[in-house]
Every structure is written in structure tokens, then in C-alpha cells.
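Read off the chains here:
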Amino acid sequence: MSTLEKTQLQLGYIPLLDCLALLWAKQRGFFDEVGLDVTLVKEASWASLRDRLAFGLLDAAHCLSAMLPAAAVGSDQIGTPLQTSLVLSENRAFISLSQKLTHQLKLQENDTAQVTAQKVVHYIEQGHSLSLAHVFKHSIHHYCLREWLALANPELAQSIQLKTLPPPYMVEALDKHVIDGFCVGEPWNTQGELLGLSKMICSSQNIIPPVADKVLAVTQEWAEQHPQTLVALTSAIMKAQQELSELEDFAPILKLLVEFGIVRFHCSEEVHVDKYYMIQDIVRHLVKESALPKVEDFYWLFQQMQKWDDLQLDQTQINALGHKCINLAAYDQAKQLNFA
């Protein structure tokens with residue numbers, strides 16, 4: 001490998017299942033193999049992670065895909081361009097409501113996303129207050145909630161006020177009656193269910209296209225200054241992704257998730273068996289086919305910003321900005337390095 005421009009890196013993450021490839025790369029020594037000394041940094045919220053990445057306190061991070069188009073147009077109020085060389089997960093969120101509310105609305109296991117949306121919207125139209133939360137304004141979770149409600153009432157979907165909360169605080173907020181439901185990635189939906197507080201009522205996969213959810217992100221300036229370091233970093237995480245998708249023994253993966261405080265409940269092949277296998281399935285299919293960042297995903301995110309955030313861009317601008325969000329050279333070189 002070519003000489004690395006930097007070897008000591010601060011790598012940020014939020015405690016969710018889809019940060020696992022970063023943790024596994026560290027655990028298995030894949031960063032060491034490519035000459036990197038990586039420190040994993042747990043962030044309290046997506047806002048703090050974004051700010052620390054933009055201002056250079058983090059070298060790279062497990063990042064919401066929609067943060068990249070938001071940064072490209074300055075909608076994040078910072079305007080530091082970001083790039084990704086690797087997808088960490090695709091469209092893996094769920095909408096959960098309080099168990100009390102699911103009972104009141106008579107939601108059934110086989111209800112489609114449209115049916116659940118109709119029941120919720122009807123409840124709101126009857127004059128009941130309902131507080132829903134997502135993880136960040138620029139996220140597929142935000143757009144998923146609005147697209148879900150729009151299945152029943154597009155005007156309400158546009159006008160409803162939604163709260164923003166960091167993923168680890170969703171369940172606590174529901175328990176304290178601050179919110180009635182949320183859209184978040186795993187394992188926080190499962191955490192709410194096992195505590196008897198919430199119930200998953202639909203998956204984002206039934207509402208929005210299979211777009212990138214989380215990505216490995218760096219600032220554009222950092223990528224330009226550290227091209228070989230980015231290739232090495234991408235390569236190590238890509239190797240972890242490959243191993244996680246093929247690993248037959250799930251026990252060490254679950255142990256790592258527990259050690260990092262991501263899974264905070266007991267589940268095994270004997271206890272909470274359904275949840276155990278659900279988490280295992282998600283981990284093995286965080287990225288279904290390829291971790292290659294797709295420009296079409298960023299086109300869709302820009303279109304969502306136009307639809308829900310009143311962003312004004314023409315298609316030519318969207319095309320140009322979408323390509324700037326992706327660092328295909330780093331991905332291609334990392335892939336070649338892994339299969340050399």
C-alpha cells in the first residue's frame with residue numbers, strides 16, 4: 001500500500017446495529033493490518049457527530065446518508081461538504097408506537113403501512129394529540145415518517161410537527177410520555193418492545209426505496225488531503241462487512257454489541273429467540289448486495305429535501321451535487337486492495 005498521509009484516526013459512531021462494521025474492524029485488527037491506529041468515539045447525538053466531523057475533531061464517522069446532501073447545500077447550517085466511500089446500511093429503520101396507542105388504534109400484525117397510517121391519521125383528525133420523533137432532520141427516518149403519513153393524508157404529513165431525539169433516548173422519551181412513537185434503527189425498537197413500552201408497526205422497507213441509510217463519511221477536504229488513508233480505512237471496514245455477512249457463529253458479534261452498550265437486553269437462542277434471530281438477520285444483511293455508494297440514492301435524498309424541506313434545486317444541480325457526495329475512487333481502490 002502507498003504511504004498513508006495519517007495513521008492515528010478518530011472514528012465517530014452512534015450506538016446502532018449498523019455501526020457494527022467499525023467495531024468489528026477494530027476488534028479483528030483490520031485497521032492495524034492496513035497501518036491505522038483507530039480510536040472509536042461514541043457520540044451522544046447525530047448533531048454532535050456531524051459538528052465534530054465538520055470541524056475536524058473526528059477524521060471519519062458512521063453517518064446518516066442524508067447529512068451529505070444537507071451539507072452540500074448548506075441546509076445543515078455548517079456547509080462543510082462531506083463525501084462517502086462506503087455504505088454501512090440500507091433502509092433498515094422501523095416505526096414504533098406506544099403499546100397503549102397500538103391497542104387504542106386496534107393495529108393488527110398484518111396491517112399494511114397504508115392501513116397503519118390511515119388509523120393514525122384518523123386518530124389525529126379526531127382531535128387527539130400525537131407526538132412522533134425521528135433521529136435527525138436530515139435522515140431517512142424523518143422522510144420515512146412523512147412518507148408514511150402521506151399514504152393517508154399528504155397535507156397532514158407536510159404540516160405535522162415532529163420531534164428530533166438521539167436514537168438511545170427514544171425509548172426513555174416514550175416511557176416518560178414525551179413522545180407517542182418514533183422512527184429509528186435497531187436495536188432501539190426491540191429495546192422498547194422487550195420493556196413492554198412500544199411495538200413495531202411497520203418497516204421503512206415497506207414505505208421508501210432501498211436507499212443508503214448510514215455511510216462512512218469524511219469531509220471533502222479531508223478526503224483530498226488523505227486519499228491513501230481513506231482507501232485504507234475503507235478497505236478495513238469493507239473487510240469487516242464481508243466477514244460479518246459470512247460469519248456462522250453469531251455469539252461473538254452479539255457479545256461485542258453488548259460490550260459497547262448497543263444491545264442492552266438479554267437475548268439468545270433460548271431467551272427472546274425471535275429477537276435474537278431478527279438482530280442476527282439484520283446484521284448479516286445491513287448491505288444486501290454491494291456497499292458501493294450509489295448516486296441515485298443521493299438524488300432521492302435531494303428530492304426528499306425538495307418535497308419536505310422546501311429545498312429549491314433543479315435536476316442539473318441535483319445531478320452535480322449527488323456525484324460530489326460520493327468518492328468512488330476510494331471505494332474502487334479499497335475493493336482492489338481487499339481482493340488483491
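As annotated in an unreviewed UniProt entry, the chain is SsuA/THI5-like domain-containing protein from Acinetobacter calcoaceticus DSM 30006 = CIP 81.8. The heading Subcellular location (unreviewed entry) in the UniProt record of the chain holds the text "Endomembrane system".

K.L.:
Would you mind going over the packing of aromatic side chains with me for this structure?
P.N.:
To describe a pair of aromatic rings, you give the distance between the ring centres and the angle between the ring planes. Applying the stated criterion to the full structure yields four aromatic pairs. Here Y13 and F260 contribute two aromatic rings whose centre-to-centre distance is 6.3 Å and whose plane-to-plane angle is 70°, an arrangement assigned as edge-to-face. Of this pair, Y13 sits in strand β1 (residues 8-13) while F260 sits in the loop between α13 (251-259) and α14 (273-284), and the two are 247 residues apart along the sequence. Among the residues examined, Y13 registers a relative accessible area of 4% and is labelled buried. Following the ring pairs from residue to residue traces out a cluster consisting of F250, Y276 and Y277.

K.L.:
How do you make sense of helix α7 (residues 140-150) when you look at a structure like this?
P.N.:
Count 3.6 residues to each turn of an α-helix, and residues three or four apart come out pointing the same way. Taken across its 11 residues, α7 has 11 buried, putting it largely inside the fold. Along α7, the residues classified as buried are I140, H141, H142, Y143, C144, L145, R146, E147, W148, L149 and A150.

K.L.:
What is the right way to look at empty space enclosed by the protein in this model?
P.N.:
Scanning all chains against the criterion turns up two cavities of 30 Å³ or more. Approximately 60 Å³ is the volume attributed to the largest cavity. Residue lining of the largest cavity: L16, L17, D18, R92, G185, E186, K214, I282 and L286, and that is the complete set. For the lining of the largest cavity, the per-class residue count stands at four nonpolar, one polar and four charged. By volume, the second largest cavity is sized at about 30 Å³. Around the second largest cavity sit R50, L53, A54, A71, D76, I78, T80 and L82, which together line it. Counting residues per element, the lining of the second largest cavity draws most heavily on helix α3 (residues 46-54), which supplies three residues. When grouped by side-chain class, the residues that make up the lining of the second largest cavity number five nonpolar, one polar and two charged.

Parameters at a glance
- Residues numbered from 1 in each chain as written.
- Predicted model: local features only at pLDDT ≥ 70, side-chain atom pairs only at ≥ 80, totals over all residues.
- Heavy atoms only, no water.
- UniProt positions renumbered as here; feature names shortened; annotations may be inferred.
- Phe/Tyr/Trp six-rings, centres within 6.5 Å; stacked < 30°, edge-to-face > 60°.
- Helix = DSSP H or I, 4+ residues; strand = E, 2+ residues; numbered from the N terminus.
- Buried < 20%, exposed > 50% of the residue type's maximum accessible area, 1.4 Å probe, protein only.
- 1 Å grid on protein atoms, 1.4 Å probe; cavity = no way out; pocket = protein on both sides within 12 Å on 5 of 7 lines; lining within 4 Å.
- Points joined across faces, edges and corners; volume = space filled by probe spheres on them.
- Nonpolar A, V, L, I, M, F, W, Y, C, P; charged D, E, K, R; others polar.

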